[in-house]
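# Inside the fold
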Amino acid sequence: MTATRVLVLNSGSSSVKYQLLDMRDSSRLATGLVERIGEQTSRVRHTSAAAGDGRERTGPIADHDAALKAMAEELAADGLGLDSPELAAIGHRVVHGGKYFTEPTVIDDTVLSEIERLIPVAPLHNPANLTGIRTAMTLRPDLPQVAVFDTAFHTTMPESAARYAIDVATADAHRIRRYGFHGTSHAYVSRETARLLGRAPEEVNVIVLHLGNGASASAVRAGRCVDTSMGLTPLEGLVMGTRSGDMDPAVIFHLMRVGGMSADEIDTLLNKKSGLIGLCGDNDMREIRRRIDEGDEQAKLAFDIYIHRLKKYIGAYCAVLGQVDAVAFTAGVGENSAEVRAAAVAGLEPLGLAVDAERNAVRGEGPRLISPEGARVAVAVVPTDEEMEIATQTYALVGNND
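Residues numbered from 1 in each chain as written. Predicted model: local features only at pLDDT ≥ 70, side-chain atom pairs only at ≥ 80, totals over all residues. Heavy atoms only, no water.

Here we come to the overall build of the chain. Each helix and strand in the chain was counted, giving 15 helices and 14 strands. For 402 residues, the compact-globule estimate of 2.2 N^0.38 gives 21 Å, and the C-alpha radius of gyration of the chain, at 21 Å, lies within 12% of that figure. Principal-axis analysis of the C-alpha atoms places the extent of the chain at approximately 55 × 55 × 45 Å. Evaluated residue by residue, the chain yields a buried proportion of 52% over its 402 residues. The contacts in the chain between residues at least 6 apart in sequence include a share of 62% that link residues at least 24 apart. When the accessible surface of the chain is summed, it comes to about 18,000 Å², and 51% of that surface belongs to carbon and sulfur atoms. (Helix = DSSP H or I, 4+ residues; strand = E, 2+ residues; numbered from the N terminus. Rg over C-alpha atoms; globule rule 2.2 N^0.38 Å. Buried < 20%, exposed > 50% of the residue type's maximum accessible area, 1.4 Å probe, protein only. Contact = heavy atoms within 4.5 Å. Areas by Shrake-Rupley, 256 points an atom, 1.4 Å probe, with all protein chains shown as cover.)

Rendered as structure tokens:
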């Protein structure tokens, strides 16, 4: 029997998302989420294609080991157990792969050590990713485990885009450079945008706007990333749900010297109490738009700042790419907020960008064009599928090794 199934794991600090896919037809056999790990009110939500309706259970789940065992129980209950000979590999989302992991990689002790060594530049993500990997390896030690890195797609950036203008020796000693994130999403969406246009990825230049609670932009030339908005960490770039994005670094020194704040306090401020939530108290774009409709000036200002930054990056990446064939909106806000899409493009007609109001207002599940017929630059909504991208890359690496 040929093994064609891939289990995709995304281990966060207090949650584990999972999907089981069959790569023969890219079908989803099961999806699930274990959340609030370490609490008394932990919850497991599971849906399988065979069973139809999802199911849910609550109760304490002490750690990631217990979380993955709960996942394994749910899969086994649907006849999709981890002991199945049809399971080819487990693919893991790993946020930070540094400069050297440029492609999906079979995990061994050396890879684990390198992911661990990168914890200082991804303290919120890599530890949780490592925990998920190690637990999965104990559940199926005989199975290939593959790391798919958020940063890998951005390793094609030229040094002129990846380097910060600081002392080279200091930068190299501490691995300070722009790495970028959301790479699996940017890779998938840029490729799907080319497909939507009926062209090969190597034939198009695309600006991808991944707009969720975390948000990032990328400039993709002929299928390769040449610039992206996030940097050493996911803090740089666009205004996000709780992150500030671009900011004068001297603000940090000012808060230390004048505000008396510690490094940890400033870290919390910029990552968790800034962005939209810092500007207006909400980080849900739907709520912000509701407040704007009711005349809330603070919500409107937050929205305007968000759009101003977004528009700056679109313009900058038009300059970086020279020729732009498409701008693609994706992720929660990008896929669902017609107001954000319209505002981001408004006034950019000299760059060939425009949105057709009627097309933009239509809600749809698949990739679609929202620019006017015959527009010089296509504007598209392309739903992202990071799990499918991880599964595809994982299976391409190990799926034919039977």
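On we go from here.
Our next topic: the UniProt feature "site: Transition state stabilizer" (unreviewed entry) in the chain. The UniProt entry lists His182 and Arg243 under the feature "site: Transition state stabilizer" (unreviewed entry), expressed in the numbering used here. If you trace the backbone, histidine 182 turns up in the loop between α5 (168-173) and α6 (183-196). The exposure class assigned to histidine 182 is buried, which follows from its relative accessible area of 10%. Along the chain, arginine 243 falls in the loop between β11 (224-228) and α7 (250-257). Looking at arginine 243, the relative accessible area reads 19%, which means it is buried. In contact with arginine 243, not counting residues within four places along its chain, are Gly214, Met230, Pro234, Leu235, Leu270, Asn271, Ser274 and Gly275. A distance of 3.5 Å separates the side chain of arginine 243 from the backbone oxygen of proline 234, its partner in a polar contact. (UniProt positions renumbered as here; feature names shortened; annotations may be inferred. Polar contact = N/O pair within 3.5 Å; in protein donor to acceptor, adjacent residues only side chain to side chain.)

Counting residues in each nonpolar core, the largest one holds 43 residues, and the members touching the most others are Leu209, Leu211, Tyr306, Leu310, Val340 and Leu353. When contributions to this core are tallied by element, the ones reaching two or more residues are β9 (205-211), β10 (215-221), α9 (275-280), α10 (285-293), α11 (297-321), β12 (326-330), α13 (338-345) and β14 (378-381). In terms of nonpolar packing, the next biggest core, distinct from the first, is built from 30 residues, Ala89, Phe153, Cys225 and Val382 among them. (Core = buried A, V, L, I, M, F, W, Y, C linked by side-chain atoms within 4.5 Å.)

Taking strand neighbours across the sheet as the criterion, the six strands line up as β11-β10-β9-β12-β14-β13 in an open arrangement whose pairing is mixed. Of all strands in the sheet, those bounded by a partner on one side alone are β11 and β13 (368-369). Both β13 and β14 contribute to a ladder of two bridges, which runs antiparallel. Within β14, the residue paired with leucine 369 across the bridge is alanine 380. Across the sheet, α11 touches β9, β10 and β11, and the angle it forms with β9 is around 160°. Those strands touched by α13 are β9, β12, β13 and β14, and its axis lies near 150° from that of β12. (Pairing = 2+ DSSP bridges. Axes fitted to C-alpha atoms, helices over the stretch in contact; angles between N-to-C directions.)

Moving on, we come to the side chain of threonine 228. You can see threonine 228 is positioned in strand β11. In contact with threonine 228, other than residues within four places in its own chain, are His154, Met157, Arg178, Gly180, Ala217, Ser218 and Tyr317.

The next thing to look at is the packing of aromatic side chains. A full pass over the atoms with the stated rule returns two aromatic pairs. Here the aromatic rings of phenylalanine 101 and phenylalanine 149 are separated by 4.5 Å at their centres, their planes lie at 10°, and the arrangement is stacked. One end of the pair, phenylalanine 101, is in the loop between β6 (87-94) and β7 (105-106); the other, phenylalanine 149, is in strand β8 (residues 145-149), with 48 residues separating them in the sequence. A relative accessible area of 12% means that phenylalanine 101 is categorised as buried. Residues tyrosine 313 and tyrosine 317 carry aromatic rings whose centres are separated by 5.7 Å and whose planes lie at 75° to one another, so their mutual orientation is edge-to-face. One end of the pair, tyrosine 313, and the other, tyrosine 317, are both in helix α11, four residues apart, so they sit about a helical turn from each other. Over the face of the ring belonging to phenylalanine 303 we find arginine 289, whose NZ or CZ atom lies 4.6 Å from the ring centre. (Phe/Tyr/Trp six-rings, centres within 6.5 Å; stacked < 30°, edge-to-face > 60°. Lys NZ or Arg CZ within 6 Å of the ring centre and 35° of its normal.)

So, about the packing of α11 against α13. At their nearest, the axes of α11 and α13 sit 9 Å apart, and the two run at 55° to each other. With respect to each other, α11 and α13 are oriented oblique. In the crossing of α11 with α13, the sense of the turn from one axis to the other is right-handed. Residues Phe303, Tyr306, Ile307, Leu310, Lys311 and Ile314 of α11 touch α13, and the partners they reach there are Glu339, Val340, Ala343 and Ala344. (Parallel < 35°, antiparallel > 145°, perpendicular 65-115°, else oblique. Left-handed = near helix turned anticlockwise from the far one by under 90°.)

Moving on: the pattern of salt bridges. Think of it this way: side chains of opposite charge can pair up when their charged atoms draw near. Counted by the stated rule, this structure contains 31 salt bridges. For arginine 93, the salt bridge is made with aspartate 150, and the minimal N-O distance between the two is 2.6 Å. With arginine 93 in strand β6 and aspartate 150 in the loop between β8 and α4 (159-162), the pair connects residues that are 57 residues apart, well separated along the chain. Between arginine 195 and glutamate 192 there is a salt bridge; the shortest N-O distance is 2.9 Å. Here glutamate 192 and arginine 195 lie together in helix α6, a separation of three residues that amounts to about one turn. On the basis of relative accessible area, arginine 195 is assigned to the exposed category, the value being 55%. Judged by relative accessible area, glutamate 192 falls into the buried class, the value being 13%. Each of Arg55, Arg57, Glu73, Glu74 and Asp78 takes part in one network of salt bridges that share partners. (Salt bridge = Lys/Arg side-chain N within 4 Å of Asp/Glu carboxyl O.)

In this section: the pairing of β6. Buried residues dominate β6, accounting for eight of its eight residues. When strand β1 (residues 5-11) meets β6, the two strands line up parallel, connected through five bridges. Note that in β6 the partner of valine 6 across the bridge is alanine 89. Here five bridges tie β6 to β8, and the two strands are oriented parallel to one another. Among the inter-strand pairings, arginine 93 is bridged to a residue of β8, identified as valine 148.

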